[in-house]
Amino acid sequence: MSDADQRASLCDAIESNCAYRDELARLRDDVARLKQDALTDALTGLFNYRHFDVVLNQEMERVRRSGSPMALILCDLDHFKAMNDRYGHEAGNRILQSVARIIDSQLRKLDIACRYGGEEFAVVLPGTSLAQAVAVAERVRAVIAESVFELPSGEQVKATLSSGVISLTDRQTMLPAELVALADDQLYLAKEQGRNCVVAPAVRGEQEQDAPLVTATEKAALFSMVAVDEALTDPSAQADDDT
């Protein structure tokens, strides 16, 4: 037992209002606050990249153990550099804070929203299919597109968000960096398609979503088998051979 614990035990035995116990309570609060600060982005109040990295690893491991899916959304504010250049960094920070609040307001308590870096955000959605995650991303996009953001100068501006969505099931094996890269590929496509949109792999149904596609080699083999079968069963082809 540490000296502080010994003093606290003695304090409890003597009186309910003890300076040592009050000091321990303050120290516990300070430690909890420091832990929270280490996981939180100071500007937006969302979790930071360090926490995202930990949570993503944990959730991917949970998918492997439980068989329940998860999804990842990567979001990026459109033309943010241009807004920063035009209105200033303070205005850009105000927009980032407002967008972060909107993202957080559209999620469940178990979802984890993080500031991924700069004007980019990441959302980890436990127990969520691809179709469900796309619906969440679209809801967030629509709310932001409909919002008006007031700058420190009093000027009001609009902003839009592009998102890439990917899911993971227990039938897939990949590293966290690979999952992030896949989501980033979808985000890139969203930018290429004109921004202010959500892009994800085609949803073919939960049972079919991760089924492998037929390769070119397999297609060629199938077509050759069909051609042979037709030649054997086609009377006209057989008559030509006889002549």
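Residues numbered from 1 in each chain as written. Predicted model: local features only at pLDDT ≥ 70, side-chain atom pairs only at ≥ 80, totals over all residues. Heavy atoms only, no water.

As a further point, take the overall build of the protein chain. When helices and strands are counted, the protein chain shows nine helices and seven strands. Relative to its full complement of 243 residues, the protein chain shows a buried share of 36%. For the protein chain, the accessible surface area stands at approximately 14600 Å², while carbon and sulfur atoms represent 53% of it. (Helix = DSSP H or I, 4+ residues; strand = E, 2+ residues; numbered from the N terminus. Buried < 20%, exposed > 50% of the residue type's maximum accessible area, 1.4 Å probe, protein only. Areas by Shrake-Rupley, 256 points an atom, 1.4 Å probe, with all protein chains shown as cover.)

Another aspect to go through is the confidence of the model for the protein chain. For the protein chain, per-residue confidence averages 82 on the pLDDT scale, and residues scoring 70 or more make up 68% of the total. Low pLDDT (under 50) marks residues 225–233, which in the prediction has one contact with non-local residues, meaning those over four places away or in another chain. Taken together, the stretch residues 235–243 has pLDDT below 50 and engages in one contact with residues farther than four places along the chain or on a different chain. (pLDDT = per-residue confidence, 0-100. Contact = heavy atoms within 4.5 Å.)

Okay, the pattern of salt bridges next. By the definition in use, this model includes eight salt bridges. When the shortest N-O distance is used, the salt bridge between D76 and K191 registers 2.8 Å. Pair noted here: D76 is in strand β1 (residues 70–77) and K191 is in helix α7 (residues 176–192), with a separation of 115 residues, a long-range link. The residues D76 and K191 share a single accessibility class, namely buried. Here K191 and D78 are joined by a salt bridge, their closest N and O atoms 2.7 Å apart. (Salt bridge = Lys/Arg side-chain N within 4 Å of Asp/Glu carboxyl O.)

Below, the discussion takes up the sheet that holds strand β7 (residues 198–199). The mixed open sheet is built from five strands, whose spatial order is β2-β3-β1-β6-β7. Every other strand in the sheet has two partners, leaving β2 (112–117) and β7 as the edge strands with one partner each. The pairing of β1 with strand β3 (residues 120–126) spans seven bridges and is classified as antiparallel. Each bridged residue has a counterpart across the sheet, and for C75 the counterpart in β3 is F121. Helix-sheet contacts for α7 involve β1, β2, β3, β6 (161–168) and β7, and the interaxial angle to β6 is about 145 degrees. (Pairing = 2+ DSSP bridges. Axes fitted to C-alpha atoms, helices over the stretch in contact; angles between N-to-C directions.)

Two numbers describe how helix α4 (residues 80–87) lies on helix α5 (residues 89–105): the axes approach to 7 Å, and their chain directions differ by 135 degrees. In this view, α4 runs oblique relative to α5, as classed from their interaxial angle. Contacts from F80, M83, N84 and Y87 in α4 reach H89, A91, G92, I95 and L96 in α5. Classifying every residue of the contact of α4 with α5 by side-chain character gives six nonpolar, three polar and no charged. (Parallel < 35°, antiparallel > 145°, perpendicular 65-115°, else oblique. Nonpolar A, V, L, I, M, F, W, Y, C, P; charged D, E, K, R; others polar.)

Given 3.6 residues to a turn, an α-helix orients residues that are three or four positions apart in the same direction. Taking 1.5 Å per residue as the helical rise, α7 with its 17 residues ought to reach 24 Å, and the 24 Å between its terminal C-alpha atoms agrees with that figure. For α7, every residue scored as buried is listed here: P176, L179, V180, A183, Q186, L187, A190 and K191. The buried residues of α7 all sit within an arc of 150 degrees when viewed along its axis, so they share a single face. Along α7, exposed side chains directed more than 90 degrees from the buried face belong to A177, Y188 and E192. Next to the buried residues of α7 lie α3 (49–66), β1, β2, β3, β6 and β7. Just downstream of α7 lies G194, where phi reads positive at about 110 degrees. (Expected span 1.5 Å × (residues − 1). Arc of directions from axis to C-beta.)

Here we come to α4. Buried residues of α4: F80, M83 and N84, and no others. Looking down the long axis of α4, one finds its buried residues gathered within 100 degrees of arc, a one-sided arrangement. Exposed and facing more than 90 degrees away from the buried side of α4 are K81, D85 and R86. At its buried positions, α4 is contacted by β1 and α5. Just downstream of α4, G88 is the residue with a positive phi angle, here 100 degrees.

Bringing the nonpolar core into the picture now. Ranked by internal contacts, the top residues of the largest apolar core, which has 32 residues, are I95 and I103. In this view, I95 contacts L77, M83, F149, L151, V157 and A159; residues no more than four positions away in its chain are not counted. Residues V124, L168, V180 and A183 belong to the second largest nonpolar core, which totals 19 residues. (Core = buried A, V, L, I, M, F, W, Y, C linked by side-chain atoms within 4.5 Å.)

Now for the packing of α3 against α7. Two packed helices can be described by the angle between their axes and the distance between those axes. Relative to each other, α3 and α7 sit at 105 degrees, their axes nearing to 10 Å. Put simply, α3 runs roughly perpendicular to α7. Listed contacts from α7 to F52, L56, N57 and M60 of α3 are P176, L179 and V180. Considering only residue class, the contact of α3 with α7 consists of six nonpolar, one polar and no charged.

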